[in-house]
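# Tertiary structure, described
Each chain is listed here by its residues.
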Amino acid sequence: GGYTAEELEASVDKLISLEDVFLFSHFGSKDFNSIADNIRWLALTHGVTQVYLDNLTAITAHAVDERRELDKVCEQLASLAQELNIHLVVVSHLTTPAKGSHEEGARVKAREFRGSRSVAMWSSFLFGLERNCQHEDPFVRSVTTLRCLKDRNTGRGNGKTVLLGFDEATGVQYELSKEEIELYEAVLNGNSSYSE
């Protein structure tokens, strides 16, 4: 909200006109080989080094055995990233946690990435996003915990978290200040009234 249809259209046109941004819509289930071919083509012909794939579930949804297909796709994605020397960021849905709910900010675990353990096994880094979007306080609802579940490079990132706020005016997430973290924790612990 807060923008006109004309402003939205102008922003999309500006994004599309950028020479170093390529958008590929794979809405619905698409064949993984087609997506891999497009990634390879972009890397080799246009020098693309950052690829964002949203989401993994859409690629494997057509499979008879989704878990086995996901195993195969995860292995191929890891090989593709290594072959092309690119950063491949993949979005994955989560399964229902054993306790609590993700809508209420339940802590994300590696085993909850949908489909199989292959998502965690083949990833160099694994991050979970946690947010209690059901909380009564609007500030708490807007705070996301970014949790590092896996850091293959050094292991030092494992278990570390960063609290991210959301600026509604700009649509940008940012790292919370010390004061904002204190307010967030006070509201969570019931030591502060609702923040408006």
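Before any of the text, the structure's been laid out above.
Residues numbered from 1 in each chain as written. Predicted model: local features only at pLDDT ≥ 70, side-chain atom pairs only at ≥ 80, totals over all residues. Heavy atoms only, no water.

### Concerning the overall build of the protein
- A count of helical and extended segments in the protein gives seven helices and six strands.
- Beginning at the N terminus, the succession of helices and strands in the protein can be written as α-α-β-α-α-β-α-β-α-β-β-β-α.
- Dimensions along the principal axes, computed over C-alpha positions, put the protein at roughly 55 × 45 × 35 Å.
- Out of the 196 residues in the protein, the part that is buried amounts to 33%.
- Working note: accessible area of the protein is about 13,100 Å², and carbon and sulfur atoms make up 50% of it.
- Here the protein holds 20 positive side-chain charges and 30 negative ones, and the gap between their average locations is 11 Å. (Helix = DSSP H or I, 4+ residues; strand = E, 2+ residues; numbered from the N terminus. Buried < 20%, exposed > 50% of the residue type's maximum accessible area, 1.4 Å probe, protein only. Areas by Shrake-Rupley, 256 points an atom, 1.4 Å probe, with all protein chains shown as cover. Lys, Arg positive; Asp, Glu negative; His and termini not counted. Charge placed at Lys NZ, Arg CZ, Asp CG, Glu CD.)

### Comments concerning the pairing of strand β4 (residues 144-151)
- The buried fraction of β4 is high, at six of eight residues.
- Across six bridges, the pairing between strand β3 (residues 125-130) and β4 is antiparallel. Bridge assignment links Glu130 to a residue of β4, and that residue is Thr145.
- In the sheet, β4 pairs with strand β5 (residues 161-167) via four bridges, with the strands oriented antiparallel. What sits directly across from Arg147, in β5, is Thr161. (Pairing = 2+ DSSP bridges.)

### Here we look at the nonpolar core
- Judged by nonpolar contacts, the single largest core of 25 residues is most densely connected at Ile39, Leu56, Leu77, Ile86 and Val119.
- At the level of secondary structure, the elements contributing two or more residues to this core comprise α2 (32-46), β1 (50-54), α3 (56-60), α4 (66-84) and α5 (118-122).
- Element by element, the count of residues in this core is highest for α4, at seven residues.
- With residues near it in sequence (within four places) discarded, Val119 still touches Leu56, Leu70, Cys74, Phe113, Arg114 and Leu126.
- In terms of nonpolar packing, the next biggest core, distinct from the first, is built from seven residues, Phe139, Val143, Leu163 and Tyr184 among them. (Core = buried A, V, L, I, M, F, W, Y, C linked by side-chain atoms within 4.5 Å. Contact = heavy atoms within 4.5 Å.)

### Notes on the packing of α2 against α4
- Two elements in contact, α2 and α4, have axes separated by 11 Å at closest approach and are oriented at 10°. The pairing of α2 with α4 is recorded here as roughly parallel in orientation. Of α4, the residues touching α2 (which contributes Phe32, Ala36, Ile39, Arg40, Ala43 and Leu44) are Val73, Gln76, Leu77, Leu80, Glu83 and Leu84. (Axes fitted to C-alpha atoms, helices over the stretch in contact; angles between N-to-C directions. Parallel < 35°, antiparallel > 145°, perpendicular 65-115°, else oblique.)

### Focus on a positive patch on the surface
- On the surface, Arg107, Lys109, Arg111 and Arg117 cluster together into a positively charged patch.
- With respect to the helices, strands and loops of the structure, Lys109 is situated in the loop between β2 (87-91) and α5. (Patch = residues over 30% accessible without salt bridge, like charges linked within 9 Å, V, L, I, M, F, W, Y side chains within 5 Å. Salt bridge = Lys/Arg side-chain N within 4 Å of Asp/Glu carboxyl O.)

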